[in-house]
Amino acid sequence: QVQLVESGGGLVQAGDSLRLSCAASGRTFSNYAMGWFRQAPGKEREFVAASSGSGRNTYYADSVKGRFTISRDNAKNTVYLQMNSLKPEDTGVYYCAAATALRLNIPNYGMDYWGKGTLVTVSS
């Protein structure tokens with residue numbers, strides 16, 4: 001069983017930066033690919049970023065490329081999402097997720113476990 005807990009959300013102004021963290025349980029963290037997704041009120045959940053187990057391969061939604069960076073510290077069982085130049089359209093609940101294998105051709109990229117989410121609100 002993998003337990004995921006997100007933190008770091010909050011209220012910020014457009015143009016500000018924020019770093020989200022996701023702490024995972026267990027001692028086999030490096031076996032899992034990790035991802036970040038977000039959901040705005042009244043909208044579908046969407047992909048934001050993902051990282052392979054080693055961190056060597058990363059993927060980003062076009063809407064966040066050049067602004068967001070996913071990274072991981074496997075020794076600390078933690079994955080991060082650094083968000084820069086935030087825009088109001090980045091507002092939403094951000095979810096951390098884990099997968100035994102990334103499947104880029106299916107919904108949610110094959111994520112098996114999900115955190116409860118952390119709210120990010122970006123004002124104009």
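Residues numbered from 1 in each chain as written. Predicted model: local features only at pLDDT ≥ 70, side-chain atom pairs only at ≥ 80, totals over all residues. Heavy atoms only, no water.

Looking along a regular strand, one sees the side chains alternate between the two faces of the sheet. Here strand β9 (residues 92-99) lies mainly inside the structure; 7 of its 8 residues are buried. In this sheet, β9 lies alongside strand β4 (residues 33-39) in antiparallel orientation, the contact comprising 7 bridges. Looking at the pairing, Trp36 lines up with Cys96 of β9. Two elements, β9 and strand β11 (residues 118-123), share 3 bridges in a ladder whose sense is antiparallel. Bridge assignment links Val93 to a residue of β11, and that residue is Leu119. Two strands pair when backbone bridges link them, and β9 and strand β10 (residues 113-114) are joined in this way by 2 bridges, in the antiparallel orientation. (Buried < 20%, exposed > 50% of the residue type's maximum accessible area, 1.4 Å probe, protein only. Helix = DSSP H or I, 4+ residues; strand = E, 2+ residues; numbered from the N terminus. Pairing = 2+ DSSP bridges.)

As a further point, take the packing of aromatic side chains. What characterises a pair of aromatic rings is the spacing of the ring centres plus the angle enclosed by the ring planes. Counted by the stated rule, this structure contains 4 aromatic pairs. For the ring pair Tyr32 and Tyr113, a centre distance of 6.3 Å and an interplane angle of 80 degrees mean the geometry is edge-to-face. Of this pair, Tyr32 sits in the loop between β3 (18-24) and β4 while Tyr113 sits in strand β10, and the two are 81 residues apart along the sequence. A relative accessible area of 16% means that Tyr32 is categorised as buried. (Phe/Tyr/Trp six-rings, centres within 6.5 Å; stacked < 30°, edge-to-face > 60°.)

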